[in-house]
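# Descriptive analysis of the structure
Below, each chain spelled out in residue letters.
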Amino acid sequence: MKKRVITMGNFDGCHQGHQALFRAVKQYALEHDLTPTVVSFEPHSRYVLNQPGDPLLLTTTAEKRDFVNSLGLEFVLMPFSRDLAKLPYDAFVRQELIGKLHMKAMFFGHDHCFGAFGKGNFETITESFPELDTHRLSIVLHKGERVTSSSVREALLNGDVKKAQTYLAHPYRLPGTVVGGKRLGRTIGFPTANLMTEEFKFIPQRGVYVASATLADGRNFRAVVNIGIQPSVGNQPLAIEAHLLHFNEDIYGQYMTLDLLDYLRPEQKFPSLDDLVRQISLDAATAEAFNGTDAHWAD
């Protein structure tokens with residue numbers, strides 16, 4: 001029977017504040033022969049208590065699981081519902097965390113609370129369950145700013161993927177399936193893979209980005225990514241189009257991830273297709289010469 005040290009929450013983004021918790025849990029587990037465990041509420045608690053899609057998600061469930069597992073922690077999905085939200089914190093801890101997951105220790109973010117009326121927090125759990133070893137971490141700051149999921153979204157809304165990456169400690173990732181498009185890029189010499197993300201995935205500011213594209217078979221390519229409506233060809237539905245450098249294969253229906261590395265320019269309307277082609281050529285050259293690290297989520 002596994003005995004666990006647990007941290008619990010939504011963990012949208014798996015940003016540096018979350019990672020501090022994950023590291024602390026893993027270290028404690030090593031020292032006390034416990035299983036380090038991240039309990040993630042799915043769907044996001046606000047989707048149940050408020051409305052789906054608010055907020056848009058920085059990380060899908062699969063992304064969170066992959067990231068947490070890559071750091072050497074176990075990922076446990078906790079189905080979230082209104083009934084669970086109404087459960088008093090002490091009953092939740094006793095039934096779900098101690099009873100089912102055999103929790104022996106618990107780590108809290110500095111302001112984490114749960115249970116009916118948010119009454120479950122570091123102080124009340126410590127007082128109500130003296131048999132548990134409880135710990136609370138301090139606020140994580142980056143250059144004096146608090147690291148939150150909201151601060152990551154704000155950076156991405158401004159196209160500042162480098163700032164977002166400092167909060168995340170990894171590039172912002174867009175995973176999805178390659179779907180068919182109008183094949184306009186192929187007609188001008190720049191074939192693109194159109195990426196369909198999961199519903200409610202957060203999409204950064206429209207514009208052109210340098211990215212690292214990883215295919216289902218593990219191959220990795222530098223890419224130019226356009227997020228937008230293609231104003232130079234009459235406006236289309238918002239799309240994520242990736243031109244993979246030195247690549248020309250049919251990958252329709254395959255899984256692909258795009259790690260955004262740098263923001264090149266806003267989307268713009270060009271007076272002619274020739275002007276568009278010239279600019280895409282410049283973008284491709286810039287992407288190829290980009291000397292940033294093609295960092296991934298975890299080594």
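Up top is the structure these notes are about.
Figured I'd write up the structure that's included with this text.

Cut-offs applied
Residues numbered from 1 in each chain as written. Predicted model: local features only at pLDDT ≥ 70, side-chain atom pairs only at ≥ 80, totals over all residues. Heavy atoms only, no water. Buried < 20%, exposed > 50% of the residue type's maximum accessible area, 1.4 Å probe, protein only. Helix = DSSP H or I, 4+ residues; strand = E, 2+ residues; numbered from the N terminus. Pairing = 2+ DSSP bridges. Arc of directions from axis to C-beta. Phe/Tyr/Trp six-rings, centres within 6.5 Å; stacked < 30°, edge-to-face > 60°. Contact = heavy atoms within 4.5 Å. Core = buried A, V, L, I, M, F, W, Y, C linked by side-chain atoms within 4.5 Å. Axes fitted to C-alpha atoms, helices over the stretch in contact; angles between N-to-C directions.

### Things to note about the pairing of strand E10 (residues 207–215)
Successive side chains on a regular strand alternate, one facing one side of the sheet and the next facing the other. Of all the 9 residues making up E10, 9 are buried; the element is thus mostly covered by neighbouring parts of the structure. Across 8 bridges, E10 lies against strand E11 (residues 220–228) in antiparallel orientation. Considered in E11, the bridge of Val 210 is made with Val 224. The hairpin formed by E10 and E11 contains 4 residues between the paired strands, and Gly 218 there has a positive phi angle of roughly 95°.

### A look at unusual backbone geometry
A cis amide bond links Glu 42 to the next residue, Pro 43, at an omega of 0°. Relative to the assigned elements, Pro 43 resides in the loop between strand E2 (35–42) and helix H2 (45–49). Note the cis peptide between Asp 54 and Pro 55, where omega equals 5°. The backbone of Phe 11 sits at a positive phi, close to 55°, despite the residue not being glycine. Considering the arrangement of structural elements, one finds Phe 11 in the loop between strand E1 (4–9) and helix H1 (16–32). By relative accessible area, which is 6% here, Phe 11 ends up buried. One non-glycine residue, Lys 143, adopts positive backbone phi at about 50°. Structurally, Lys 143 can be placed in the loop between strand E6 (141–142) and strand E7 (145–146). Lys 143 gets classed as exposed once you look at its relative accessible area, which sits at 78%.

### Observations regarding helix H8 (residues 161–168)
Listed in full, the buried residues belonging to H8 are Val 161, Ala 164, Tyr 167 and Leu 168. Taken end-on, H8 shows its buried residues confined to a sector of 110°, consistent with a single buried face. Where H8 ends, the next residue or the one after it, Ala 169, has phi of about 65°, a positive value.

### So, the packing of aromatic side chains
Tallied over the full model, the rule gives 10 aromatic pairs. Measuring from centroid to centroid gives 6.5 Å for Tyr 172 and Phe 202, while their planes differ by 80°, and the two rings are edge-to-face. Of this pair, Tyr 172 sits in strand E8 (residues 172–179) while Phe 202 is found in the loop between strand E9 (193–196) and E10, placing the two residues 30 residues apart along the sequence. By the burial criterion, Tyr 172 is buried, and Phe 202 matches it. Counting every residue linked through ring pairs, the aromatic cluster contains Phe 41, Phe 80, Phe 92 and Phe 114.

### Things to note about helix H5 (residues 89–100)
Buried residues of H5: Tyr 89, Ala 91, Phe 92, Val 93, Glu 96 and Leu 97, and no others. On the buried face of H5, the contacting elements are E1, E2, strand E3 (74–79), helix H4 (82–86), strand E4 (103–108) and helix H6 (122–128).

### Digging into the environment of Thr 286
Tracing the backbone shows Thr 286 in helix H10 (residues 273–289). The class for Thr 286 is partly exposed, based on a relative accessible area of 41%. The sequence separation of Thr 286 and Ser 272 amounts to 14 residues, and the corresponding C-alpha distance is 21 Å.

### Describing the nonpolar core
Ranked by internal contacts, the top residues of the largest apolar core, which has 32 residues, are Leu 156, Tyr 172, Leu 174, Val 225, Leu 244, Met 256 and Leu 258. Going through the elements one at a time, helix H7 (149–157), H8, E8, E9, E10, E11, strand E12 (239–244) and strand E13 (255–265) are the ones with two or more residues in this core. Setting aside its immediate chain neighbours within four residues, Val 225 contacts Gly 207, Val 208, Tyr 209, Ala 211, Ile 240, Glu 241, Ala 242 and Leu 258. Met 78, Leu 84, Met 103 and Ile 125 belong to the second largest nonpolar core, which has 23 residues in total.

### A few points about the sheet that holds E4
With respect to topology, 5 strands assemble into an open sheet ordered E3-E2-E1-E4-E5, the strand pairing being parallel. Each edge of the sheet is formed by a strand with only one pairing partner; in this case those strands are E3 and strand E5 (133–136). Sheet twist, expressed as the average angle between the axes of neighbouring strands with direction ignored, equals 25°. Here 6 bridges tie E1 to E2, and the two strands are oriented parallel to one another. Following the sheet pairing, Met 8 is matched in E2 by Val 39. Strands in contact with H5 are E1, E2, E3 and E4; relative to E4, the strand with the most contacts, it is inclined by about 115°.

### What about the sheet that holds E8?
Pairing is antiparallel around the closed barrel formed by 6 strands, whose spatial order is E8-E9-E12-E11-E10-E13. Between one strand axis and the next, the sheet turns through 45° on average, direction left out of account. For E10 and E13, the ladder comprises 8 bridges, and the chain directions are antiparallel. Bridge assignment links Val 208 to a residue of E13, and that residue is Arg 265. Relative to E13, H8 is tilted by about 125°, and along the sheet it contacts E8, E10 and E13.

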